[in-house]
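# Results of the structural survey
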Amino acid sequence: MEELMKQEAERFTVETETLQEMLNSNKADLRAQRERLREQKMWDRFLLCNGTPDPAVQTELNTYTSIELDETHQSESRDIAGCLDSVEQALDLMNELDEVIALDKQLGITEHHDTYKKGISSLQEVIESKVDNVTFNVLKTAENFADPDSLNLLVEKQSPRLKYAVWGNLAKNPRQKSFQLETDSFQMEIPKSLADADVAVRLIHTSYDFLSPKCKTFYAQKKKTPAPSRVASVLGNAEGENNENNGMDEIKEENDNQEVKKEEEGEEQPINENVLPDRPATPSDVEEIEDEDIVDMRAMSTVGGVMYLDLLKLPPQAKKVGSWVIQDITEKKLERIPNPKPEDEREEEEEAKEGEEGGEAALSQITKELTWPLLNMSFTVAPNAIFTEEPMLARWEDSQQCWRTDGFEDVKFEEETGKISFKSQFIGPIVTFQDSYNNMPFQSWEIRPHGPGCVIFTLIAASVEIEISIKENLCCLNSPEDYELDGIRNKWLPSHILIQKLMAAGINVFPSEDADKYVSISNKEDEIETLMYEQMALASSAFAFSWSRWNADCGEKRMIVRGAENLTTAPVDEDMWKNYSCEPQKCYTLKCTDDDDDLFDEKLEETQFHPDLFHCLKEGASPDATKTMSSTPYGFVDNVSTWLFATKVLTFS
């Protein structure tokens, strides 16, 4: 008996060391590939001669932004199309910096990240400056852009990531009760107080969002509590690294530094690098939001981009007197008209400002006195934005740096047309929100081989079913087909790009770290969950995996998953599935199946216990399957694990 136990212990040790060697080899190869990729990108950027700076080189980016800002401030250009081209160029540079940061983080490099973030902020300043300047120049010569029918200013342009429209009240027609733009089918009521005023309305709809990362709730606030002790896994730490986002705060930076320190101390990191925005906190660490009108960015997600709505003062127009053209040029910049304040607040401000001298900081008389009632407004959401429930409107409150839901009345959503109508006195940035977890928990999932070097990942969520083909380094969205996803569907993209596009379109099946505050899940220990995803990815080229009904009932330290060998492109026959029970250092094939009425913990006859899922699968695998599993490329393994870690199917199903 002692000899048998000794042999079993030796076999466990050999299998553990073999798996660890495979994982370490994959990680080393993956790191080497990323280092080569980083060097190649740096070299390609050095050779690129397209007139744009290398954003990763601080001196080049500083020179670029300084020149752009100086030229913009002095420019009299009214070329909106040219301005939008410049905006697209600045956005491309920002994306380059985001990619540099993301790749550096995968390699544990954070040396220049503060500089990169400052560069992103300076590019945002360039974008805002360019758009404001061209708007001001257009408004100064608004009569040149007047609509022949209404005689009011009307300009509409768009680029791939930005829609621009401006309407100006030149005619001052008291009978015109509203105006409509082709951009987003936007319509707005013109009240009497604005009908005879020198005002303009600008609408800018962006596919990007610079405002949300400024919210206090975008990244979960952590209290200063001691970290819980955790037994180290044979395969390493359970936490993965995450891609960078614009507007990263100090809390995020501290977490990054801690991860780097762990790597320097020799702790292993999993193969997968999480591609989701960081929400670094657990429910017990999250500070509750006292104001119910403030949007909790951990629970809600923006869908369809941001709509920047501005009420602007229309500058004095040029007058032709004989052969002379006379124009007042005292106004040097764009002037936004603030939203009306409550009567008591206005009286307090007037008393506080009484006796102060005028100057550039003082508002003009029109902006002090102008007010308006609730306005009827409406717009149509983007056709590629998917709303599985009625969207929630929110407005940006700059003084609090947050999105708020108050200030809207009679909000109506027409699902067939995508039209949102509402009444509001607020004119400013507006966005549509959707519950981040309306698709969770998942109903079922499956990942199965589909020919050499390819798997099909199917996820049936609460309101949508998605199917994704995964190959080495790339993936492709196959379904859903009943939504307008032409810009995403049937296109091979890197995993992190496809995930970002799905989330932007409203298909959010990617739980954040504190998601268990908002969703009922199957609580599992991080260590065993990480082990499972890594080993499922290793075996995914030869084995299919699926949801098991028993996984939610087997406790926090144990997982049960269905698996079946599949070397064809056909779906797995139902009688081929087996249930595998997995705990740290103990995995085995269950005799119990999902068709049984009760879960009974009994090992399948003529099978052995193993220290990990990989060798448990290998025990009953055919020679062809064993060969396929042993020769799976590390890039393919990493890509599959990316989707498993991103969706967390074992705990959110």
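Our focus in this paragraph is a nonpolar patch on the surface. A contiguous nonpolar surface patch, about 380 Å² in accessible area, is contributed by Trp43, Phe46 and Leu47. In this fold, leucine 47 is placed in helix 1 (residues 2–47). Classification of leucine 47 by relative accessible area gives partly exposed; the value is 48%.

Two quantities define a packed helix pair, namely the angle between the helix axes and the distance between the axes. Taken N-terminus to C-terminus, the directions of helix 9 (residues 495–505) and helix 13 (residues 634–647) make an angle of 30°; their axes are 10 Å apart at the nearest point. Considering the angle they form, helix 9 stands roughly parallel to helix 13. In the packing of helix 9 onto helix 13, the handedness of the crossing is right-handed. Within the contact between the two elements, helix 9 uses Ser495, Leu498, Ile499 and Leu502 and helix 13 uses Asn639, Thr642, Trp643 and Ala646. Of the residues belonging to the contact of helix 9 with helix 13, the class tally is 5 nonpolar, 3 polar and no charged.

With that settled, the discussion passes to the packing of aromatic side chains. Here the structure, examined in full by the defined rule, presents 15 aromatic pairs. The interplanar angle of 0° and the centroid separation of 4.4 Å between the aromatic rings of tryptophan 167 and phenylalanine 179 together place this pair among those described as stacked. Taken as a pair, tryptophan 167 in strand 2 (residues 162–168) and phenylalanine 179 in strand 3 (residues 178–180) lie far apart in primary sequence, 12 residues in all. Both residues of the pair, tryptophan 167 and phenylalanine 179, count as buried. When the centroid spacing of 6.1 Å and the interplanar angle of 75° are considered together, the rings of tryptophan 403 and phenylalanine 433 count as edge-to-face. Highlighted residues: tryptophan 403 in strand 11 (residues 402–404) and phenylalanine 433 in strand 14 (residues 430–435), separated in sequence by 30 residues. Of the two residues, tryptophan 403 and phenylalanine 433, neither departs from the other in class, the shared state being buried. Here a set of aromatic residues connected by ring pairs shows up, and it is made of Trp167, Phe179 and Phe186. Just above the ring of phenylalanine 426 sits the side chain of arginine 395; from NZ or CZ to the centre is 5.3 Å. Positioned over the ring face of phenylalanine 609 is lysine 603, at 5.5 Å from the centre of the ring.

On to the sheet that holds strand 3, then. Taken together, the 5 strands give an open sheet; going across it, the order is 3-4-9-13-12, and neighbouring strands pair in antiparallel fashion. On the outer flanks of this sheet lie strand 3 and strand 12 (408–414), each paired with one strand and no other. Between one strand and the next, the sheet's axes are offset by a mean angle of 10°, whatever the strand orientation. Bridge count for strand 9 (residues 375–380) against strand 13 (residues 419–424) is 6 bridges, and the pairing is antiparallel. Note that in strand 13 the partner of methionine 377 across the bridge is phenylalanine 422.

Attention now goes to empty space enclosed by the protein. If you walk through the whole model with that rule in mind, you get 5 cavities of 30 Å³ or more. Here the largest cavity defines a volume of roughly 90 Å³. Lining the largest cavity are 14 residues, and of these His205, Gly304, Gly305, Phe379 and Thr432 sit closest to its centre. Broken down by secondary-structure element, the contributors of at least two residues to the lining of the largest cavity are strand 6 (300–313) and strand 14. When residues of the lining of the largest cavity are assigned to their parent elements, the largest contribution, 5 residues, is made by strand 6. Grouping the amino acids of the lining of the largest cavity by side-chain chemistry returns 10 nonpolar, 4 polar and no charged.

Thresholds, definitions, all that
Residues numbered from 1 in each chain as written. Predicted model: local features only at pLDDT ≥ 70, side-chain atom pairs only at ≥ 80, totals over all residues. Heavy atoms only, no water. Patch = residues over 30% accessible without salt bridge, like charges linked within 9 Å, V, L, I, M, F, W, Y side chains within 5 Å. Areas by Shrake-Rupley, 256 points an atom, 1.4 Å probe, with all protein chains shown as cover. Salt bridge = Lys/Arg side-chain N within 4 Å of Asp/Glu carboxyl O. Helix = DSSP H or I, 4+ residues; strand = E, 2+ residues; numbered from the N terminus. Buried < 20%, exposed > 50% of the residue type's maximum accessible area, 1.4 Å probe, protein only. Axes fitted to C-alpha atoms, helices over the stretch in contact; angles between N-to-C directions. Parallel < 35°, antiparallel > 145°, perpendicular 65-115°, else oblique. Left-handed = near helix turned anticlockwise from the far one by under 90°. Contact = heavy atoms within 4.5 Å. Nonpolar A, V, L, I, M, F, W, Y, C, P; charged D, E, K, R; others polar. Phe/Tyr/Trp six-rings, centres within 6.5 Å; stacked < 30°, edge-to-face > 60°. Lys NZ or Arg CZ within 6 Å of the ring centre and 35° of its normal. Pairing = 2+ DSSP bridges. 1 Å grid on protein atoms, 1.4 Å probe; cavity = no way out; pocket = protein on both sides within 12 Å on 5 of 7 lines; lining within 4 Å. Points joined across faces, edges and corners; volume = space filled by probe spheres on them.

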